[in-house]
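Chain residues, written in single-letter form:
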Amino acid sequence: MGELEDAVMTRVWKWNRPVTVREVLEDLQQERSIAYTTVMTVLDNLHQKGWVRREAEGRAYRYEAVSTRAAYAAALMNDAWSQSDNPAAALVAFFGMMSEEQRQALRDAIRIVQGPETSGPNPGSVPDADGR
C-alpha cells in the first residue's frame, strides 16, 4: 500500500464506518493540498485491491474497510516472513528488534492463540526458532 493509500485507509479504519470521498478529502486537506479526483481514484484503487467495499449512495459511493488495520499489519508481516529463505532466523531477528513491551504483547498473543488448555513449562517465554 502506498503512502497516499495508507493515509486514506488510516481515516477509513479510524472512523470505522462507511465514508464518502468528500469526508476523506476534507480531512486530508488539513494536512496537504489534494484534489477530489485524486481521493476518488485512491478509493477506487483500494476497492479494486479488495481493501474497501463500496455501496452506491445517489451518484457517489460510501466506502468501508473490508478488514481491520491489525489484519492488514498481520498480512504484511506474514508476507515478509514467508519470503524469507530462513523463516526461523527471520523470526529470531524480528524478536531481537522488539522492545520489552512488544515482546510482552507477543507473549499475550501466543497465550490467546494457544488457548487456556495449553500449559507449558514457561508460559511467559517467547518461543525459540523451533517454536519451543
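It should be emphasised that the depicted structure is a prediction, and the values quoted were computed from it without experimental measurement.

### Here we look at the packing of helix H2 (residues 21-28) against helix H3 (residues 36-48)
Closest axis-to-axis distance for the H2/H3 pair is 9 Å, and the angle between their directions is 120 degrees. By the angle between their directions, the pair H2 and H3 is classed as oblique. Seen from above, H2 lies across H3 with right-handed handedness. Mapping the contact onto sequence places Val21, Arg22, Val24, Leu25 and Leu28 in H2 and Tyr36, Val39, Met40 and Leu43 in H3. By residue class, the composition of the contact of H2 with H3 is eight nonpolar, no polar and one charged.

### Remarks on the nonpolar core
One finds Val8, Val12, Val24, Leu28, Val39, Leu43 and Leu46 to be the most contacted residues of the largest nonpolar core, which totals 19 residues. Elements represented by at least two residues in this core include exactly helix H1 (3-15), H2, H3 and strand S2 (60-65). The greatest single-element share of this core, amounting to five residues, is contributed by H1. The contacts of valine 12, once residues within four sequence positions are left out, are Arg17, Val19, Leu43, Val52, Glu64 and Ala65.

Procedures and definitions
Residues numbered from 1 in each chain as written. Predicted model: local features only at pLDDT ≥ 70, side-chain atom pairs only at ≥ 80, totals over all residues. Heavy atoms only, no water. Axes fitted to C-alpha atoms, helices over the stretch in contact; angles between N-to-C directions. Helix = DSSP H or I, 4+ residues; strand = E, 2+ residues; numbered from the N terminus. Parallel < 35°, antiparallel > 145°, perpendicular 65-115°, else oblique. Left-handed = near helix turned anticlockwise from the far one by under 90°. Contact = heavy atoms within 4.5 Å. Nonpolar A, V, L, I, M, F, W, Y, C, P; charged D, E, K, R; others polar. Core = buried A, V, L, I, M, F, W, Y, C linked by side-chain atoms within 4.5 Å. Buried < 20%, exposed > 50% of the residue type's maximum accessible area, 1.4 Å probe, protein only.

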